[in-house]
Each structure stands twice: as structure tokens, then as C-alpha cells.
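Fold and geometry: a report
Each chain, letter by letter, is given below.
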Amino acid sequence: MKTIIAEKPSVAREIAQIVGATKREIGYLTGNGYSVTWAFGHLVTPALPDGYGIKGFHRDNLPIIPPVFTLVPRQVKTERGYTPDRDVVAQIKIIARLFSESEKIIVATDAGREGELIFRYLYEYIGCSTPFDRLWINSLTDKAICEGLENLKSGNHYDRLYYAAKARSEADWLVGINATQAITIAAGRGTYSLGRVQTPTLAMICSRYWENKQFVSEAFWQLHVSTAGEANEEALTFTSVEKWNDKQTAEKIFEAIKKCHSITISNIEHKETVQETPLLYDLTTLQKEANTKHGFSAEKTLNIAQKLYEAKLITYPRTGCRYIPEDVFTELPTLLLTLKGSSKWGGYIDHIEELTRRSVDNTKITDHHALLITGIKPQNLSSDEATIYHMIIGRMLESFSDKCIKDVTSVSVECAGVDFVLKGAVVKQLGWRAIYGEEKEEITLPEWSEGEILPLTASSLTEGQTKPKPLHTEASLLAAMETAGKEIENEELRHSLSACGIGTPATRASIIETLFHREYMTRQKKSLVPTEKGLALYSVVKDMNIANVEMTGEWELALANIENGKLQADTFRKDIEAYTAQITSELLTCDKFFTHKETQCPCPKCKIGSMQFYSKVVRCDNPSCGFPVFRQVAGKTLEDQDILDLLTKGKTGLIKGFNSKQGKTFSAAIAFDANLNTQFVFPESKPHSREKRR
């Protein structure tokens, strides 16, 4: 008998049908010489500290570094602490019996790092020695499963994948357990959760929040001149190349321009621009665009994609690859023909004469190729499922269509010694832009010549304001996680850095959800806004290694190197142990950030609690209130007396030494508004809102 183990019951049922295991038993299906069983995700995990005889949070126990990790059945939290999940224990017993009775095991857990770990931890815990082969497939179609069963590989072919998965699991345990206990001990009250990936992610959210809130907007002025268009056409407006920060200078130049009656063309440039087709979706890109276009959370997109995969409609979704191999490309024409009868997409199929090969590259294929549909007709999709499914189809059509080609004309003119510019574009080949019809309206310019003098029909002076970087959305956060915080617009360069990002395509959604679960951030429409709890934690750890985004990205790259054989897992483990000891020491010494002075200053919000003065924040001691006043404001640390004045009088005296985003110093008082939000009050001026609190 052979035993096949899948990651979920639904996948096990699909495989059981293929191999003829149709008889249902408790915890498995059997027939035709096969038993097909399943896990429920991770049935076995590394034990918590009490599994090594370490109970409670005590400074002397840290760092906790087990020489060998003990594996235990997945546990659930009860009133008496953590105990093994009874359903999990029962399923493990069934699997152990099937394994022992089998001549061969076929591993059909999800074909990736975590799927491999789910099986290997279980195999190790049971103490099994039955040989096993690996089923590695890109979709759950009958054809893919049959081909996969005909091309099984020995389990040891995936040993490096397991070593990387195990290293990731143990690193997260070491950093998470020790950092969480260390900062909780340092705080003296309450429980704070830190993690190898979640804390750098929180740091990116909080740093962007403060950058946005502390931004001081500055005015600038720009000039515009217009000339008549072609007959019956609207006027054409040129904009000054320069922007002026001084209004008086801009107005003086504007007065000179108003006296002019013509503008002179100083330069005309014609350039053909080519917009390459976008690469196919990997999971992260799908999540980013689903968030931007439809407001879906990363977790929601992943869950929908997983359902579509299990319904055999799309290929394996937890992929970090945006390319397909040559053998898959040869099947593309047949696959696209399955869309011919589609009312939404059928009209585009006939227009694709030759498939573009930009997304085809055997050398860039990782465990799984980019997301594709399978060609199976969907039935009864929900609205959200249809949205994700059609996004994948739309991107396929874009990726294999022609390039978009434009003729771009840039015309420079001069007036009163000031340079102005206007750009026009004519689309020569719409190409992939036709799929969604998102191309902007063309701006066709007249056939002008250099040196030509045009009539000046209108001029204007407009005021603008500099703007801060917006708060992170899930889309921008995913992009930042993908490149370890480096802001890169070029998608190919961004993708090339994805190996050193933080988290993986399969785990980033859960990391984001963990920050919501820990109440470190909330959603405000699409924006991710840190809570006071999240900001307080960030203020303590922001300069420590535990919050270092690039360092965490280096660990992720090291895990990839274990997977491809460039690094030994033992070397990584030693580095992580040293790192764990370092951050534990750092966090234990941060107790000074949590010490506070007792005061009788009443809380201006709840009127019940008293304000406690900490080094980074002054906070109400009423647990149901927790009203905070942060000391750091625009690069200036507020003194106790400043904050006392603010709390008791509603306003500080004039404080010198604030710094604008542009590096300029300024003086202002700080006051509460009616909602207890803080705001700057400038001498002889109206209040200027600085920060809004929830």
C-alpha cells in the first residue's frame, strides 16, 4: 500500500479521485492500493519554552536557545495554559498508522517551503522511516495531478527546501520568543509581541506615519502661458520649468510676462517611447494591485487565490515568480483559446497575432511559475472570486500582447526670459494598453518649428503645496516588504531585489494580519495607521536591530541561499543565535524607556487617570484611556515643563528649535485643539494642524 498525504482534506479528495481511493474512513480515503490522508496545516510545531522546563518570563532565563528543538502536536490555549489539540492528536495517530503500514509515502502537501515543513516535522515527530517521494505540481487539474504522479521525485531531492524551512521556523522561534519575553520583562507590565519580520514591518509603517505627520508643507508658485490651438481647438498651455518658493519673485516675473504678446519656440524634441508589456502576476503583485484597484487586503486576495487554486481554476498562487518556462509557453495558444467564448475577453483573442515572450525565461523560474488560469471553465464564482480570476486573465492578455508605442513631442518656449514646456503624445500602437482601455487621451500638438513666434493669449500664476509621502497602504507596504524598504519604481529591478525582501510571498499577508491582531495598527480606508500601542513600541525599538529592515532582508536572502545550496543551515543557525543574544541584551536594557515619574497631573481626556511621564511619551495610567502625548515633535524633544503646561493650561510657551522637513528651524507653541489633537501655534498667526490622533 502507498499513502498519499495532502495539506488539506479538500486537496486529498481531489487526489483520491485520481488514484481511485474512494472508500471513506475516519481521517483518510482508501482504495486501489492507496490510502489518501491529510493534515490541517501544521500538525506538529516546535515546543514553547515550558516544553524545555522554562516557565514564566524571567530575566535569568534569557536568551532561551534550545540545543535541539522538541516537536509537539499543535497546541491550543486554555484556561490552564497550552494543551495539545485533541483533533490534531487523533489525526497524527491515524497518519502514523498509515505510514507504518505503507511501503511508500507520497508527499502531496503544498509544493513550497511551508508545505515541505508540514510533512517533514510530522515525519520526524512520528519517528517514521518509510521512504517517501514528492508530488510537485503547479495546479490541481486532473491532468497536472496525473502528470505529477507519473513524475514523482525522491524526497531527498527536496532536502535543501526542508533545511531552509526548518531554519526559518527555528529563527522565528528564537527571535520571537526571546524578544517578546525581553521587552515584556523590561516594560514591567503588560505584554508586548516582537518578531523577526513583524517588528521591521511595524517599523516601516510607523516611520512613514511620522514622516507624513511631521511634514511641514511649503508653498510654491508656477507660471503658465497659453497660445491658440488649431481651429476650433482649445488653447494649449505651457508650464514653467522652474517653481518658485518666494511669492514676491514669482509675482514680479508674472507682471513681466503679462506685458508680453508672444512666446518663442526654443526647442522641439520628437521621441518614440516604448512601454513594455507588464510581467505576469506573482502573488505579491496580485495582492498589491488587488489592494490598489479593489481595496482587497493581502490576506483576502491570498485566500481567494487559494480557493481558485483548489477549484482547479488557476495555478499555484503562493509563487514569487513572474515568468513561465518554455514548455508552458508552448501551451499558451491552446490555453488562450479557452477564452474565445468569453463575453468579457473573447474579443481580444483574435487580435493577438503573435505572443510576446517577455514573461518567458527558463532561468528565472523558481519553485513555481507565474500565475496563470488553467482553462477550466469557472462555475458560480462569487463577485470577489470573479474579480481576482479576471485580474489574472487580464494580466495574461496584457503580458502576451504587443508593446505600446507612442510618439512623444516635447515643445519648449521662452517668454520674458522664462522657460516653459508642453508635452504631447500620439499612440502609434496601443498594444497591451487596449486590454483595459486605460490609455489617457492623446494630446496632439500642431506642426510647429523651432524659432516660430506664437501669440500669447493668456497667462496665469498658480500656487501649489509640497506634499508628504502618503501613509502606507497594503499595496505600498507589500512593495516595501518585497525590497526591504527600498523604494524602487522599475518593476524588473524591484523584482530582482525580491530575494532580499522581508517575509515571502506566502507569508507577507499573515505578517500584516498579525500587526492588526496585536493592535499595533488599524485600517483607515486604504491607509495603514499605527495605533498608540504600535507607536509606543516603535519609539522603544526603532534604533535596535530587531527593527532593522535591511538586516531582516539579509536573513531572508540567507534562507534562499540555504534552499539553493549556497549556505549551510548550521551556519545560519549560529548567526541567528548570536543575533538573538544581541537583541535580547538590547531589549533588556531598554527598561529605562518604560520607567516613569508618578504625578498628580490629571488626564485631560478621561479626567480619571493621572499622566505618567516616560522618556518617550507621557501617558494616562487609566487602562481604558491611555491618552498619550509624545515628547518628540518635529525633531525637538519636549521637556517635562512643556508637557505639564500643555496638560494643565492647554498650551505651551514659545518653544525654539523645531525642524521642518526641509531642515529649516522654526519656533512655535504647541496647543490642544477641541479634540485634544496637538497643533502648532505660531507667533501672531493662526494655528497650523500638526497631528491628528484617533
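Residues numbered from 1 in each chain as written. Predicted model: local features only at pLDDT ≥ 70, side-chain atom pairs only at ≥ 80, totals over all residues. Heavy atoms only, no water.

**Looking at the pairing of strand E8 (residues 81-84)**
What counts is decided by this rule: One requirement defines pairing of two strands: DSSP has to find at least two bridges between them. Runs of H or I in DSSP of at least four residues are treated as helices and runs of E of at least two as strands, each being numbered from the N terminus.
Looking at chain direction, strand E7 (residues 75-78) and E8 are connected through four bridges and run antiparallel. Bridged to Thr78 within E8 is Gly81. Counting the residues that bridge the hairpin from E7 to E8 gives two residues.

**Description of the nonpolar core**
Formally: Buried Ala, Val, Leu, Ile, Met, Phe, Trp, Tyr and Cys residues that are joined via side-chain atoms within 4.5 Å together make up what is termed a nonpolar core. Relative accessibility decides the category of a residue: with a 1.4 Å probe and only protein chains considered, values under 20% of the type maximum give buried, values over 50% give exposed, and everything between is partly exposed. The contact rule is simple, with two residues in contact once any of their heavy atoms fall within 4.5 Å.
One finds Ile183, Val541, Ile546, Phe572 and Leu587 to be the most contacted residues of the largest nonpolar core, which totals 69 residues. Tallying contributions element by element places helix H5 (residues 159-187) first for this core, with 13 residues. Not counting the four nearest positions on each side in its chain, Val541 is found in contact with Ile183, Leu194, Thr199, Ile546, Ala547 and Leu587. Counting 55 residues, the second largest nonpolar core, distinct from the first, contains Tyr281, Phe296, Ile304 and Leu308.

**Some words on the confidence of the model for the protein chain**
Detail in the predicted coordinates should be disregarded across regions flagged by low pLDDT. Heads up, the condition is: What pLDDT reports is the predictor's confidence in each residue, on a scale of 0 through 100.
Overall, the predicted model of the protein chain reaches an average pLDDT of 90, with 93% of residues at or above 70. Strand E10 (residues 132-134) holds the highest mean pLDDT among the elements of the protein chain, 98, whereas strand E30 (residues 687-689) holds the lowest, 49. Contacts of residues 689-694 to residues separated by more than four positions or lying in other chains number 27 contacts, the stretch itself having pLDDT below 50.

**A few points about the packing of helix H9 (residues 298-310) against helix H16 (residues 508-517)**
Cut-off, in case you're wondering: Axis definition: a line fitted to C-alpha atoms, limited for helices to the stretch in contact. Angles are taken between N-to-C directions and run from 0 to 180 degrees. Each angle gets one of four labels, with under 35 degrees taken as roughly parallel, over 145 as roughly antiparallel, 65 to 115 as roughly perpendicular, and the rest as oblique. Helix crossings fall into two classes, left-handed where the near helix is turned counterclockwise from the far one by less than a right angle and right-handed where it is turned clockwise. When residues are sorted by character, Ala, Val, Leu, Ile, Met, Phe, Trp, Tyr, Cys and Pro go into the nonpolar class, Asp, Glu, Lys and Arg into the charged class, and all the rest, Gly among them, into the polar class.
Where H9 meets H16, the axes come as close as 8 Å, and the angle between the chain directions of the two elements is 140°. As judged from the angle between their axes, H9 and H16 are oblique. Remark: the crossing between H9 and H16 carries left-handed chirality. For the pair formed by H9 and H16, the contact residues are Ala298, Glu299 and Leu302 on the first element and Ala509, Ile512 and Glu513 on the second. Taken together, the residues of the contact of H9 with H16 sort by class into four nonpolar, no polar and two charged.

**Considering the sheet that holds strand E16 (residues 418-429)**
Spatial ordering of the open sheet is given by E17-E14-E15-E16-E13-E12-E18, a layout of seven strands whose pairing is antiparallel. Taken across any chain shown, the strands that pair with only one partner, and hence form the sheet edges, are strand E17 (453-455) and strand E18 (458-465). Pairwise comparison of adjacent strand axes, ignoring direction, gives a mean angle of 35° for this sheet.

**A look at the sheet that holds strand E11 (residues 153-154)**
Strands belonging to one sheet form pairs held by backbone hydrogen bonds; the direction of such a pair is parallel or antiparallel. Reading across the sheet, the seven strands line up as E2-E3-E4-E1-E9-E10-E11 and stay open at both edges, with mixed pairing between neighbours. Looking along the sheet, the strands with just one partner apiece sit at the ends: strand E2 (23-25) and E11. The strands that helix H1 (residues 9-19) touches are strand E1 (2-6), E2, strand E3 (28-31), strand E4 (34-38) and strand E9 (104-108); relative to E4, the one it contacts most, it runs at about 165°. Lying over the sheet, helix H3 (residues 113-126) contacts E1, E9 and E10, oriented at roughly 175° with respect to E10.

**Topic: the packing of aromatic side chains**
For clarity, the threshold we go by: Any two rings among Phe, Tyr and Trp, with Trp reduced to its six-membered ring, count as a pair given centres within 6.5 Å; such a pair is stacked if its planes are under 30 degrees apart, edge-to-face if over 60, and tilted if neither.
One pass over the structure, following the stated rule, counts 23 aromatic pairs. Aromatic pair Trp210 and Phe630: ring centres 5.5 Å apart, planes at 75°, arrangement edge-to-face. Taken together, the residues Trp210 in helix H6 (residues 198-213) and Phe630 in strand E24 (residues 628-630) connect sequence positions 420 residues apart. One exposure class covers both Trp210 and Phe630, and it is buried. Taken together, the aromatic side chains of Phe99, Phe119, Tyr123 and Phe132 make up a single cluster linked through ring pairs.

**Brief notes about the pairing of strand E14 (residues 262-275)**
As paired strands, E14 and E17 are joined by three bridges and run antiparallel to one another. Across the sheet, Ile263 pairs through a bridge with Leu454, a residue of E17. Alignment of E14 against strand E15 (residues 404-415), held across 11 bridges, turns out to be antiparallel. Along E15, the bridge assignment pairs His270 with Thr409.

**Considering the environment of Pro602**
Residue position: Pro602 is located in the loop between strand E21 (596-597) and strand E22 (611-614). For the pair formed by Pro602 and Val541, sequence separation is 61 residues and the distance between their alpha carbons is 28 Å. Residue contacts for Pro602: discarding those within four places in its chain leaves Gly609 and Met611.

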